[in-house]
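Listed below are the residues making up each chain.
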Amino acid sequence: MTKRPSPDASPRPRLLARPRALTLGAVPAVALLAVAAFAPLPFSVARPGQTTDVLGVYRGTEVISVSGAPVRRTSGQLRMAAIRATGPHVGASLGELADGWFRTDRAVMPREAVFPSGKSDEAVARHNTTEMKSSQHAATSAALRLLKQDPRRVKVKLTLDDVGGPSAGLMFSLGIVDKLAGDGSGGDLTGGRTIAGTGTIDADGTVGPVGGAALKTRAAERDGASVFLVPKAECAQVQPAPAGLRLVPVSTLRDAVHALRALAGGGRVPSC
C-alpha cells in the first residue's frame, strides 16, 4: 500500500521560501539607507563661531577707528558673534544631520537659508563681503545720527573682513557710540562688562533679526559675555539662554544704548 503524504507536507517549501524573498527584497532598501547615510544632502549644519570685540584690535588693526572727533579710551568689551556653517557646496550627510538635530550647539538649516542659491563659492564670498560693507555704512550712519554728529566731519573706518553678512551691524554701531560718547556721563557704555550681541541695523537705527541667534548666544557665553543683545523678534528663538547669560531684547539702536546705560547704572532692563 502506498503511503499518502500528510496534508502539510507540500506547503512547507513555499512557507520557507517567503522569508527568503522578503530578505532579498529588503537588500535594495538597506542599500538606499546606507547610501543616504553618507550621500551629501542640501542642508547646512551650523555651530557657534567666533566672537570679536569691536572695541579692540583684530589682526593688528583697530576694528573701529575714528577721525574728525575726540575718541574715548574704553574698558569692557562689545563682542559681535558669528556662526560657522558647512559651505555652500559641501552637503551634510544624513548622519551629520541626525547628530545636528539632537544637539543644542548645532542647527540644521536648508542650504538656501544660509547661502545664496546657485552661486559659486567665490560669488558667495563676494555677496557676503558686499553685505558686510553695506552693514558697516549703515552702522556708521545710525551711530552718528544718534549722536548728532556731522558725517562730513567725522569719519569712521571699520575693519573686520573675515566675517561676512550684515549681522554685526548693531555691535558696530554700539562700538562707535562708546568710542565717541560712552554712556553720556563720562563712563563706558559697557559698564566694564563683556557684552555680546547680534542684529542687523538700518541707517535710521532699526535693529533687524538674523540667522543662528541661539548658536551665537552659546559663542558669547563661551567667550565670557554676561549680557547678550538680541533682536526683539528673536527672543523666543534664543530660549533657554546659556547659564549666566542675560538676554536683553532690542528693536533700535536707541533701545540698546538705553539698556546698556541702565545696566551700567543698576537700573531696570528688559529681558527675553
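Residues numbered from 1 in each chain as written. Predicted model: local features only at pLDDT ≥ 70, side-chain atom pairs only at ≥ 80, totals over all residues. Heavy atoms only, no water.

This brings us to the nonpolar core. With 46 residues, the main nonpolar core has L170, F172, L174 and L229 as its most contacted residues. Only β4 (64–67), β5 (77–85), α4 (121–146), β7 (155–158), α5 (169–180), β11 (227–231), β12 (246–250) and α7 (253–265) provide two or more residues apiece to this core. Listed in part, the 11 residues of the second largest apolar core include A196, A225, F228 and V230. (Core = buried A, V, L, I, M, F, W, Y, C linked by side-chain atoms within 4.5 Å. Buried < 20%, exposed > 50% of the residue type's maximum accessible area, 1.4 Å probe, protein only. Helix = DSSP H or I, 4+ residues; strand = E, 2+ residues; numbered from the N terminus.)

Spanning 13 residues, α7 covers 18 Å between terminal C-alpha atoms, matching the ideal 18 Å at 1.5 Å per step. Where α7 terminates, the next one or two residues include G266, which has phi positive at roughly 80°. (Expected span 1.5 Å × (residues − 1).)

This next bit is on the environment of G76. On the secondary structure map, G76 appears in the loop between β4 and β5. Classification of G76 as partly exposed rests on a relative accessible area of 27%. Along the backbone, G76 and I195 are 119 residues apart, and their C-alpha atoms lie at a distance of 7.8 Å. When neighbours within four sequence positions are excluded, G76 is seen to be in contact with D53, L55, T190, G192 and R193. (Contact = heavy atoms within 4.5 Å.)

Before going further, it helps to examine the state of the cysteines. Enumeration according to the criterion identifies 1 disulfide in this entry. The side chain of C235 participates in a disulfide bridge whose partner is C272; the two sulfur atoms lie 2.0 Å from each other. The sign of the -65° torsion about the S-S bond sets the C235-C272 disulfide as left-handed. Of the two residues, C235 sits in the loop between β11 and β12 while C272 sits in the segment after α7, which places them 37 residues apart along the sequence. Taking the relative accessible area as the measure of exposure, C235 reaches 14% and is therefore buried. Taking the relative accessible area as the measure of exposure, C272 reaches 30% and is therefore partly exposed. (Disulfide = S-S within 2.5 Å.)

For the structure on display, the rule yields 5 salt bridges. In this structure, D188 engages R72 in a salt bridge whose closest nitrogen and oxygen atoms are separated by 3.1 Å. Here D188 is found in the loop between α5 and β8 (194–197), whereas its partner R72 is found in the loop between β4 and β5, with 116 residues between them in sequence. Connected through shared salt-bridge partners, R72, D178 and D188 make up one network. (Salt bridge = Lys/Arg side-chain N within 4 Å of Asp/Glu carboxyl O.)

A few words on helix α6 (residues 213–222). Listing the buried residues of α6 in full gives A213, L215, K216, T217, A219 and A220. A positive backbone phi angle near 95° is found at G224, which sits one or two residues after α6.

Counting buried positions along β11 gives 5 out of 5 residues, so the element sits mostly inside the fold. Residues V227, L229 and P231 point to one face of β11 and F228 and V230 to the other, with burial holding for every one of them. Pairing geometry for β8 and β11, over 3 bridges, is parallel. Directly across from I195, in β11, lies its bridge partner V227. Bridging between β11 and β12 involves 5 bridges; their strand directions are parallel. When the sheet's bridge partners are listed, P231 is paired in β12 with V250. (Pairing = 2+ DSSP bridges.)

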